[in-house]
Amino acid sequence: QRAVEIFLAKRKIPFKREVPVKIVLENNLIGKHFLDFLINDSVVLELKKGNRNNMSDIKQVLMYLKTTGLKLGILAYFGSNGVTYKRIINSNSRS
């Protein structure tokens, strides 16, 4: 995460790190999660270790998008084969 933070800061890309997101169900707070990064107040960037896409990781990012009302998430995997990523779209976003 620190390397990504340095990369974004050097390029003057606006970001927030470890952004808290409340999980609410029927007006009841049921939990809180933290986005790894929120880029330009519009893109969720979630970082993972490993070389492959995992359905539970995709569902996690989609839940973040639905909770925040944002449209785009990027799931980035850092593994022995380098960096791979997957774009995740919230088709029900408010934007």
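For the structure itself, consult the block above.
Now for a look at the structure at hand. Numbering of residues starts from 1 in each chain and follows the order in which that chain's sequence is written. Reporting in this predicted model follows two pLDDT cut-offs: at least 70 for local features of residues, and 80 or more for side-chain atom pairs to be given and counted; totals over whole chains, interfaces and linings ignore these cut-offs and use all residues. Excluding hydrogens and water, the side-chain figures rest on all heavy atoms present in the structure.

**So, the overall build of the chain**
Part 1 of the argument: By the criteria applied, helices consist of DSSP H or I runs no shorter than four residues and strands consist of E runs no shorter than two, each listed in order from the N terminus. Of regular secondary structure, the chain possesses two helices and five strands.
Part 2 of the argument: Computation of the radius of gyration draws on C-alpha atoms alone. For the globule rule, the value is 2.2 Å times the number of residues to the power 0.38. Its C-alpha atoms give the chain a radius of gyration of 14 Å, within 12% of the compact-globule value 12 Å for 95 residues.
Part 3 of the argument: Each of the three principal axes of the chain carries a C-alpha extent, and together these read 40 × 30 × 25 Å.
Part 4 of the argument: Buried positions account for 34% of the 95 residues belonging to the chain.
Part 5 of the argument: Residue contacts are defined here by distance: any two heavy atoms, one from each residue, within 4.5 Å place the two residues in contact. Within the chain, counting contacts between residues at least 6 apart in sequence, those at least 24 apart form 45% of the total.
Part 6 of the argument: As displayed, the chain offers around 6,500 Å² of accessible surface, 53% of which is attributable to carbon and sulfur atoms.
Part 7 of the argument: Positive residues here are Lys and Arg, negative ones are Asp and Glu, while His and the chain termini are left out of the count. The location of each charge is read from NZ of Lys, CZ of Arg, CG of Asp or CD of Glu. For the chain, the distance from the average site of its 17 positive side-chain charges to the average site of its 7 negative ones is 5 Å. Relative accessibility under 20% of the residue-type maximum defines a buried residue, over 50% an exposed one, and the middle range a partly exposed one, all with a 1.4 Å probe and only protein chains included. Exposure was quantified through the Shrake-Rupley algorithm and a 1.4 Å probe, taking into account, for residues, occlusion by the shown protein chains and nothing else.

**Here's the deal with the side chain of Asp57**
Part 1 of the argument: Inspection of the secondary structure puts Asp57 in helix 2 (residues 55-68).
Part 2 of the argument: Setting aside residues no more than four positions away along its own chain, Asp57 makes contact with Lys48, Leu75 and Tyr77.

**Some remarks on the pattern of salt bridges**
Part 1 of the argument: What makes a salt bridge here is a side-chain nitrogen of Lys or Arg within 4 Å of a carboxyl oxygen of Asp or Glu, nothing more. Scanning the entire structure with this criterion turns up five salt bridges.
Part 2 of the argument: A salt bridge links Asp41 to Lys16, with the nearest nitrogen and oxygen atoms 2.8 Å apart. Residue Asp41 is found in the loop between strand 2 (28-39) and strand 3 (43-49), and its partner Lys16 is found in strand 1 (residues 15-25); the two are separated by 25 residues along the sequence.
Part 3 of the argument: For Asp41, a relative accessible area of 48% translates into the label partly exposed.
Part 4 of the argument: One salt bridge connects Lys48 with Glu46, and the closest N-O pair in it is separated by 3.9 Å.

**Remarks on the pairing of strand 5 (residues 82-89)**
Part 1 of the argument: Two strands qualify as a pair provided that DSSP identifies no fewer than 2 bridges between them. Inspection of the sheet shows strand 4 (residues 72-79) paired to strand 5 by eight bridges, in the antiparallel sense. In the strand pairing of strand 5, Gly79 is matched with Gly82.
Part 2 of the argument: Counting the residues in the hairpin turn of strand 4 and strand 5 gives two residues.

**Here we look at the nonpolar core**
Part 1 of the argument: Among the buried residues, those of types Ala, Val, Leu, Ile, Met, Phe, Trp, Tyr and Cys that are joined through side-chain atoms within 4.5 Å form a nonpolar core. Leu35, Leu38, Val44, Leu65, Leu75 and Ile88 are the most contacted members of the largest nonpolar core, which totals 14 residues.
Part 2 of the argument: For this core, the secondary structure elements donating two or more residues are strand 1, strand 2, helix 2 and strand 4.
Part 3 of the argument: With four residues, helix 2 is the single largest residue contributor to this core.
Part 4 of the argument: Excluding residues within four positions of it along the chain, Leu75 makes contact with Glu46, Lys48, Asp57, Ile58, Val61, Thr84, Tyr85, Lys86 and Ile88.
Part 5 of the argument: Core analysis: the next-biggest nonpolar cluster, separate from the first, contains eight residues, Val4, Leu45, Leu47 and Ala76 among them.

**Concerning helix 1 (residues 2-10)**
For the α-helix, the turn length of 3.6 residues means that residues three or four positions removed from each other point alike.
Part 1 of the argument: Those residues of helix 1 not exposed but buried are Val4, Glu5 and Leu8. The buried residues of helix 1 all sit within an arc of 100 degrees when viewed along its axis, so they share a single face. Along helix 1, the residues that are exposed and aim more than 90 degrees away from the buried face are Arg2, Ala3 and Lys10.
Part 2 of the argument: Lys12, located one to two residues past helix 1, shows a positive phi value of around 55 degrees. By construction, the arc corresponds to the directions joining the helix axis to the C-beta atoms.

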